[in-house]
Amino acid sequence: MSKQVVIPEGTSAPLAPYVPATKADNIVYVSGTLAFDENNNVVCIGDAAGQTRHILETIKKVIETAGGTMDDVTFNSIFIKDWADYTSVNTVYAEYFPSDKPARFCIQCGLVKPDALIEIASIAHVG
């Protein structure tokens, strides 16, 4: 099995001992992604749709760095702070997966920073 770390240009240093993604053979495992700027500050505070868009753009950049596209995403894990944001998250999410949707789950939980409303982790099969 070949394994490589995937770090897009301009990525901020992670808050813990992990990398943005790991590519093993043709599978890309994208770490849980939050709406962080380059200094690990939460962006779009109070705006679940804005945070979702920021997260999915970050995931898109990671997958493209690994040689894939969002069409290659096969599974998403979604963590949401408040079910009241579920509809706005899904509205933005549908823009990034307009046709063949990936499998996924969504759970409500606390996140690593109080202003973070959404976290998404992805798996993509590229190549």
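Let us look at the structure shown here. The structure displayed is predicted, hence computed values, not measured ones.

Attention now moves to the side chain of K23. For K23, the position within the fold is in strand 2 (residues 21–24). The charged side chain of K23 is buried without a salt bridge, its nearest counter-charge being D72 at 8.9 Å. Polar side-chain contacts of K23 include one of 2.9 Å to the backbone oxygen of A66. Residues within four places of K23 in sequence aside, it is in contact with S2, K3, Q4, V6, V28, A66 and V126.

Tracing the sequence through the fold places K3 in strand 1 (residues 3–6). Considering only alpha carbons, one finds K3 and D25, 22 residues apart in sequence, at a separation of 6.4 Å. Residues in contact with K3, not counting those within four places in the same chain, are T22, K23 and A24.

Spacing of three or four residues puts side chains on the same side of an α-helix, whose turn is 3.6 residues. Every buried residue of helix 2 (residues 86–96) is listed here: V89, V92, Y93 and Y96. All buried residues of helix 2 project into a common sector of 105 degrees when viewed along the axis, lining one side. Contacts from the buried residues of helix 2 go to helix 1 (48–65), strand 4 (73–80), strand 5 (103–108) and strand 6 (118–125).

For sheets, the rule is that strands pair by backbone hydrogen bonds, running either parallel or antiparallel. Overall, mixed pairing links the six strands, which are arranged 1-2-3-6-4-5 in an open sheet. Of all the strands in the sheet, the pair left with one neighbour each is strand 1 and strand 5. Averaged over all adjacent pairs, the angle separating strand axes in this sheet is 10 degrees, with direction ignored. Sheet topology places strand 4 next to strand 5; six bridges connect them, and they run parallel. By the bridge assignment for strand 5, S77 is matched with F105. Along the sheet, helix 1 contacts strand 1, strand 2, strand 3 (27–33), strand 4 and strand 6; its crossing angle with strand 6, the most-contacted strand, is approximately 25 degrees.

Here the largest pocket is characterised by a volume of approximately 440 Å³. In terms of lining, the largest pocket is formed by 23 residues, of which the most central are T11, S12, T33, F36 and T58. Sorting the residues of the lining of the largest pocket by element identifies strand 3 and helix 1 as the ones contributing at least two each. Here the lining of the largest pocket gets five residues from one element, more than from any other, and that element is helix 1. A class-by-class count of the residues in the lining of the largest pocket yields ten nonpolar, nine polar and four charged.

Here we take up the nonpolar core. One finds L56, I59, I63 and M70 to be the most contacted residues of the largest nonpolar core, which totals 28 residues. At the level of secondary structure, the elements contributing two or more residues to this core comprise strand 3, helix 1, strand 4, helix 2 and strand 6. Counting residues per element, this core draws most heavily on helix 1, at six residues. By size, the runner-up hydrophobic cluster in this structure holds six residues, among which are F36, V42, F79 and A116.

Inspection of the secondary structure puts D85 in the loop between strand 4 and helix 2. K81 provides the closest opposite charge to the buried, unpaired D85, separated from it by 8.4 Å. Setting aside anything within four residues of it in sequence, one finds D85 in contact with A48, I80 and L117.

What counts and what doesn't
Residues numbered from 1 in each chain as written. Predicted model: local features only at pLDDT ≥ 70, side-chain atom pairs only at ≥ 80, totals over all residues. Heavy atoms only, no water. Helix = DSSP H or I, 4+ residues; strand = E, 2+ residues; numbered from the N terminus. Buried < 20%, exposed > 50% of the residue type's maximum accessible area, 1.4 Å probe, protein only. Lys, Arg positive; Asp, Glu negative; His and termini not counted. Salt bridge = Lys/Arg side-chain N within 4 Å of Asp/Glu carboxyl O. Polar contact = N/O pair within 3.5 Å; in protein donor to acceptor, adjacent residues only side chain to side chain. Contact = heavy atoms within 4.5 Å. Arc of directions from axis to C-beta. Pairing = 2+ DSSP bridges. Axes fitted to C-alpha atoms, helices over the stretch in contact; angles between N-to-C directions. 1 Å grid on protein atoms, 1.4 Å probe; cavity = no way out; pocket = protein on both sides within 12 Å on 5 of 7 lines; lining within 4 Å. Points joined across faces, edges and corners; volume = space filled by probe spheres on them. Nonpolar A, V, L, I, M, F, W, Y, C, P; charged D, E, K, R; others polar. Core = buried A, V, L, I, M, F, W, Y, C linked by side-chain atoms within 4.5 Å.

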